[in-house]
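Descriptive analysis of the structure
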Amino acid sequence: MVLRFLLLPITGPLMGVTWLGEKILEQASTEIDDKENLSKQLLALQLAFDMGEIPEKEFEIQEEALLLAILEAEEQERDRTQEY
């Protein structure tokens, strides 16, 4: 315990940088997962339409919503990278 207290000026900043890196990685992983999920939903929608499970009108509505969500995710990603 005493050794930990004595080394705090050295290990403290290192632990802070490590924590910050983990938070950035967590946020990036979440963004990638969201984009991948939207792409998978779009693929599943296309398959359902191709197999005749949903009508064309419903397909077009859902496809447009998913494409807009993908574009929005890409714009948010671009905005975040430009901030840095």
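In what follows, the accompanying structure is described. Keep in mind the model is a prediction, meaning the values are calculated, not measured.

**Looking at the overall build of the protein**
When you go through the protein residue by residue, the secondary structure sums to 3 helices and 0 strands. Reading the protein from its N end, one meets helices and strands in the order α-α-α. Taking 2.2 N^0.38 as the reference for a compact globule, 84 residues should give roughly 12 Å; the C-alpha atoms of the protein span a radius of gyration of 22 Å, well beyond that estimate. By its C-alpha atoms, the protein is 70 × 30 × 10 Å across when sized along the principal axes. In the protein, which comprises 84 residues, the proportion classed as buried is 7%. Placing the 7 positive and 19 negative side-chain charges of the protein at their respective mean positions leaves the two points 9 Å apart.

**Brief notes about the pattern of salt bridges**
A complete count under the given rule lists 2 salt bridges for this structure. In this structure, the salt-bridge partner of Glu 77 is Lys 35, at a minimum N-O distance of 4.0 Å. With Glu 77 in helix 3 (residues 56-83) and Lys 35 in helix 2 (residues 8-50), this pair connects stretches of sequence that are 42 residues apart. Look at Glu 77 and you get partly exposed, because its relative accessible area is 35%. What makes Lys 35 partly exposed here is its relative accessible area of 26%. It is possible to trace a salt-bridge network through shared partners that takes in Lys 35, Glu 74 and Glu 77.

**Some remarks on the environment of Phe 49**
The topology assignment puts Phe 49 in helix 2. Assessed through its relative accessible area of 26%, Phe 49 is described here as partly exposed. Linking Phe 49 and Thr 81, residues 32 residues apart in sequence, is a C-alpha distance of 36 Å. Ignoring sequence-local partners within four residues, the contact set of Phe 49 consists of Ile 54, Pro 55, Glu 56 and Phe 59.

**Topic: the nonpolar core**
In terms of nonpolar packing, the biggest core is built from 5 residues, these being Leu 38, Leu 45, Phe 59, Leu 66 and Ile 70. Those residues in contact with Ile 70, other than ones at most four positions away along the chain, are Leu 38, Ser 39 and Leu 42.

About the criteria used
The written sequence of each chain sets the order in which its residues are numbered from 1. Where local features are concerned, this predicted model is filtered to residues with pLDDT of at least 70; where side-chain atom pairs are given and counted, the filter is 80 or more; whole-chain, interface and lining totals use all residues. Side-chain calculation: all heavy atoms of the structure are included, whereas hydrogens and water are not. Going along the chain from the N terminus, every DSSP run of H or I of four or more residues is numbered as a helix, and every run of E of two or more is numbered as a strand. Radius of gyration here is computed from C-alpha atoms only, and the compact-globule reference equals 2.2 Å multiplied by the residue count raised to the power 0.38. Burial here depends on accessible area, computed with a 1.4 Å probe over protein chains only, as a share of the maximum for the residue type. Under 20% is buried, over 50% is exposed, and the range in between is partly exposed. Residues scored as positive are Lys and Arg, those scored as negative are Asp and Glu, and His as well as the terminal groups of each chain are ignored. In this description, the location of a charge corresponds to atom NZ of lysine, CZ of arginine, CG of aspartate or CD of glutamate. We define a salt bridge as a side-chain nitrogen of Lys or Arg found within 4 Å of a carboxyl oxygen belonging to Asp or Glu. Should any heavy atoms of two residues lie within 4.5 Å, those residues are considered in contact. Buried Ala, Val, Leu, Ile, Met, Phe, Trp, Tyr and Cys residues form a nonpolar core when they are joined through side-chain atoms within 4.5 Å.

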